[in-house]
Amino acid sequence: MKYLIYLFFLLLAVALPSCIEDGVDTDPSTQPTFSTDTLQLGTVFTGECTPTFSFKVYNTANKIMRISSVGLRGDVAAGTFRLNVDGMAGTTFSDVEIRPNDSIYIFVEATLPVNGLDQAVEVVEHIDLVTNGRPSSVVLAARGQDVERLYTPVIAADTRWSGRKPRIVMDSLVIASGATLTIDPGVEVMFHDGAYLHVDGSLQAVGTAEAPIIFSGDRTGNVVVDISFDLMAAQWGGIELGPTSHSNLLEYVTVKNTTWGVIVDNAAPGDGTAALTLVNCRLRNSAGYALAVAGSSVVAIGCEIADAASGAILLVGGNHYFNHCTFANYYLFSAIGGALVQMEEMDDISVSFDNCILYGLGSDLSPTDIAGYDVALRRCLIKSAGEDDLDFINCIYAEDPLYYVDREAYIFDYRLQEGSPAIGAAESAYDTWLPAADYWGTPAASPANIGAYN
């Protein structure tokens, strides 16, 4: 029995300190610290709720810290931003306590008002706190972008899109047979999950180095803290050129983060031109192919075709010409399913690769034996070891082009580092024509580089 009494008092002695309330620190020098002084909410579409962002408020003192007030500064902020402080939702809070050497979260979301402008408008507000009579604050920073939302649109007559206000395609966008959609420099076309562009007519998208045209998904911000949605493929379908589509031109255009990339499905040439002409374009980050062509014709000059789960490019028959293109594949989120450049129906194919780079993870060319077919690689830098013959002419073999690529840091930049064997190594005799500058606006040197970038 005496042992039970002893044990009771021992447990009581241990429990009593935990029941004693720590005193509240009222010293004005005792102030909270924050995990950030400015909470960046990124660029968000006006009229839509942002993702939820958060920061931490720390009490580094040895007593309870009582924050007498927490709130948004001004009526405008209260109508735009919403808070959750330590599990309580609202816009103003009183007597928020933080235990010694502990912390709380403050969660923030916002719905930014329509601003009536093409460009994004920066919105800066504050969360104000008062602790022991002294004020402190955290800045809230967001950019509100007005957008035009399109629901199952059909371009039935010649149409021009201009202006810097992004367009979001919520379902499918169809360019009807006989119609042409012309897109001016700087226009950004975003596609909601599952949306796509189908072209039965003609697409004329001509940007500039200063104002490229972007086709992308409509997700902004980060998937998690340090992974941007811009890294994620399969955000939208892609671009499909149907059998009646013809004379399509994309210049200074990026098509990214697609499910199937750009598909040219037996599209017809028109007026002596290819079914699709690409100049200084970037087709990248696809859960399928970046470019897939069947029974049609493509001309690509100065283009990056890269990062696709199935392979960068698939050519099934047809007539094609690739000049100063960079074919690369360091696709991030799955194993790469095939060679970088793939060709099928070889008896019906005619293709030239001139001054191009074929280098990335996995194999570079399929089939590897192209003898007897109308396929030529002239002055190309190729990952595989080899030697010149009737099909491989004046090529550079088994040399690293030295891209600026760091998969662990999510950097996929296919420009060339100093010392690259592709710098100044192009053969001008194989160039039909070369743009004065590359996608990034860098002027071409003489002699030019192999690949897409100067």
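Higher on the page you've got the structure.
A separate point is the overall build of the chain. Counting secondary structure elements, the chain contains two helices and 41 strands. Computed over C-alpha atoms, the radius of gyration of the chain comes to 29 Å, more than 25% over the 22 Å expected from 2.2 N^0.38 for 454 residues, which places it beyond the range of a compact globule. Considering only C-alpha atoms, the chain reaches an extent of 100 × 55 × 45 Å along its principal axes. Here the chain, with 454 residues, has 48% of them falling under the buried criterion. Excluding contacts between residues fewer than 6 apart, the proportion of contacts in the chain whose partners are at least 24 apart in sequence is 60%.

Before going further, it helps to spend a moment on the environment of A274. Considering the arrangement of structural elements, one finds A274 in the loop between β25 (253-265) and β26 (276-279). For the pair formed by A274 and A426, sequence separation is 152 residues and the distance between their alpha carbons is 24 Å.

The next thing to look at is the pattern of salt bridges. Oppositely charged side chains can pair when the atoms bearing their charge come close. In the structure shown here, the tally under the stated rule is eleven salt bridges. By sharing partners, the salt bridges in this structure join R282, R284, E304 and D307 into a single network.

Within the largest apolar cluster, 65 residues are counted, with the highest numbers of intra-cluster contacts made by F215, L291, F322, F327, F353 and L377. The biggest single contributor to this core is strand β33 (residues 341-354), with six residues. Apart from residues no more than four positions distant in its own chain, F215 is found in contact with I183, V189, F191, L197, L203, A205, W236, I239, V253, T254, V255 and K256. Counting residues in each nonpolar core, the second largest holds 25 residues, with L39, V57, V96 and L140 among its members.

Before going further, it helps to examine unusual backbone geometry. A cis amide bond links S366 with the next residue in sequence, P367, at an omega value of 0 degrees. Topologically, P367 is positioned in the loop between β35 (365-366) and β36 (374-378). With an omega dihedral of 0 degrees, the bond running from S446 to P447 counts as a cis peptide bond. Among the secondary structure elements, P447 is positioned in the segment after β41 (411-416). Of note, the phi angle at E345 is positive, near 50 degrees, even though the residue is not glycine. Its place among the elements puts E345 in strand β33. A positive phi is found at N394, a non-glycine position, where the angle reads about 55 degrees. You can see N394 is positioned in the loop between β38 (392-393) and β39 (396-397).

Within the open sheet, the five strands sit side by side as β2-β10-β9-β4-β7. Their pairing is mixed. A single partner strand is all that each edge strand has here, and the edge strands are β2 (38-45) and β7 (92-98). Across the sheet, the mean angle separating the axes of adjacent strands is 25 degrees when strand polarity is ignored. Bridging between strand β4 (residues 65-72) and strand β9 (residues 121-131) involves five bridges; their strand directions are antiparallel. Bridge pairing in β9 links G71 to D128.

Cut-offs and rules
Per chain, the residues get numbers from 1 upward, laid out in the order the sequence is written. In view of the model being predicted, local features appear only for residues whose pLDDT reaches at least 70, and side-chain atom pairs are presented and counted only at 80 or more, with totals across whole chains, interfaces and linings using the full set of residues. By convention in this description, side-chain values take in all heavy atoms of the structure and omit both hydrogens and water. A run of DSSP states H or I qualifies as a helix once it reaches four residues; a run of E qualifies as a strand once it reaches two. Both are numbered from the N-terminal end. Computation of the radius of gyration draws on C-alpha atoms, with the globule rule given as 2.2 Å multiplied by the number of residues to the power 0.38. The buried label goes to any residue with under 20% of its type's maximum accessible area, the exposed label to any with over 50%, and the partly exposed label to all in between, with areas taken from a 1.4 Å probe on protein chains only. Contacts are assigned to residue pairs that have any heavy atoms within 4.5 Å of one another. What counts as a salt bridge is simple: a side-chain nitrogen of Lys or Arg found within 4 Å of a carboxyl oxygen of Asp or Glu. As used here, the term nonpolar core means buried Ala, Val, Leu, Ile, Met, Phe, Trp, Tyr and Cys residues forming a set that is joined through side-chain atoms within 4.5 Å. Between any two strands, at least two bridges found by DSSP are needed for them to pair. With axes taken as lines fitted to C-alpha atoms, and helix axes fitted only over the stretch in contact, angles between N-to-C directions fall between 0 and 180 degrees.

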